[in-house]
Amino acid sequence: MGKPDLKSAFLMEQMKQHIGTDEGKSLCKKIGLVYQLNIAPKKIGVDEEIYVVDLKKGEVKKGPYEGKPDVTFSFNDNDFMGIATGKLNPQIAFIRGAMKIKGSLSAAQKFTPDIFPKPSKL
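Not measured: the values here are computed from a predicted model. (Residues numbered from 1 in each chain as written. Predicted model: local features only at pLDDT ≥ 70, side-chain atom pairs only at ≥ 80, totals over all residues. Heavy atoms only, no water.)

Honestly, the pattern of salt bridges in this entry has me stumped. Any pointers?
Where charged atoms from two side chains of opposite charge come close, those side chains can pair. Applying the stated rule across the entire model yields 4 salt bridges. We note a salt bridge from Lys16 to Glu13, for which the minimum N-O separation is 3.1 Å. Placement of the pair is Lys16 and Glu13 together in helix α1 (residues 7-18), with a separation of 3 residues, close to one helical turn. A salt bridge links Glu49 to Lys62, with the nearest nitrogen and oxygen atoms 3.2 Å apart. In this pair, Glu49 sits in strand β2 (residues 49-54) while Lys62 sits in strand β3 (residues 59-62), placing the two residues 13 residues apart along the sequence. The class of Lys62 is exposed, set by a relative accessible area of 53%. (Salt bridge = Lys/Arg side-chain N within 4 Å of Asp/Glu carboxyl O. Helix = DSSP H or I, 4+ residues; strand = E, 2+ residues; numbered from the N terminus. Buried < 20%, exposed > 50% of the residue type's maximum accessible area, 1.4 Å probe, protein only.)

It is not clear to me how the nonpolar core should be interpreted in this structure. Could you clarify?
Nonpolar side chains tend toward joint burial in soluble globular proteins. In terms of nonpolar packing, the biggest core is built from 32 residues, with Tyr35, Leu37, Phe73, Phe75, Phe80 and Phe111 touching the most fellow members. Mapped by element, the contributors of at least two residues to this core are α1, α2 (22-31), β1 (34-40), β2, β4 (71-76), α3 (77-84) and α5 (105-108). When neighbours within four sequence positions are excluded, Phe111 is seen to be in contact with Tyr35, Leu37, Phe73, Phe75, Phe80, Ile83, Pro90 and Phe116. (Core = buried A, V, L, I, M, F, W, Y, C linked by side-chain atoms within 4.5 Å. Contact = heavy atoms within 4.5 Å.)

Would you explain α2 in this entry?
An α-helical turn contains 3.6 residues, so a residue and the one three or four places further along point in the same direction. Those residues of α2 that sit buried are Gly24, Leu27, Cys28 and Ile31. The arc that holds the buried residues of α2, viewed along the axis, is 100 degrees, so those residues lie on one side. For α2, the exposed residues set more than 90 degrees away from the buried face come down to Asp22, Lys29 and Lys30. Residues of α2 that are buried sit in contact with α1 and β1. Once α2 finishes, Gly32 follows within two positions and takes phi at roughly 55 degrees, a positive value. (Arc of directions from axis to C-beta.)

What is the right way to read the environment of Cys28 from this model?
Within the secondary structure, Cys28 is located in helix α2. Along the sequence, Cys28 and Ile115 sit 87 residues apart, while their C-alpha atoms lie 9.2 Å from each other. If sequence neighbours within four positions are ignored, Cys28 has contacts with Ile19, Leu55 and Gly58.

What is the right way to look at the packing of aromatic side chains in this model?
The description of an aromatic ring pair rests on the distance of the ring centres and on the angle between the ring planes. Taken as a whole and judged by the stated rule, the model has 8 aromatic pairs. Measuring from ring centre to ring centre gives 5.1 Å for Phe75 and Phe80, while their planes differ by 45 degrees; the resulting arrangement is tilted. Its relative accessible area of 0% is what places Phe75 among the buried residues. For Phe80, a relative accessible area of 0% puts it in the buried group. (Phe/Tyr/Trp six-rings, centres within 6.5 Å; stacked < 30°, edge-to-face > 60°.)

Would you take a moment to explain the pairing of β1 for this structure?
Residues in a regular strand project their side chains so that they alternate between the two faces of the sheet. Taken across its 7 residues, β1 has 7 buried, putting it largely inside the fold. The side-chain alternation of β1 yields two buried faces, one formed by Val34, Gln36, Asn38 and Ala40 and the other by Tyr35, Leu37 and Ile39. Direction of pairing for β1 relative to β4: parallel, over a ladder of 6 bridges. By the bridge assignment, Gln36 is partnered in β4 with Thr72. (Pairing = 2+ DSSP bridges.)

And the structure:
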């Protein structure tokens, strides 16, 4: 029995392309942090898929970061999509327990919907 496809997998593919654009390159210069995203189909910590959004090197890849990311986020697929598309406030998600953060809180605050391609590009 295979894992269900995450809605966020499509967004991460879009992010790979977005990061190579001029807009994506300017994000890398502005933010310069490494985010590891642990995205679960339903429940945090269960069957998570791991992605790394490396805004130092300018790449997005599947699998854990080799080394220590600036911040590791854990959320379920729906909450991640809500945050990435600006429909769910990251602070509210954190307070509700819908998102877990490990690492630098100041780096975490730079993780906003602005780093993702706009929905019109999705």
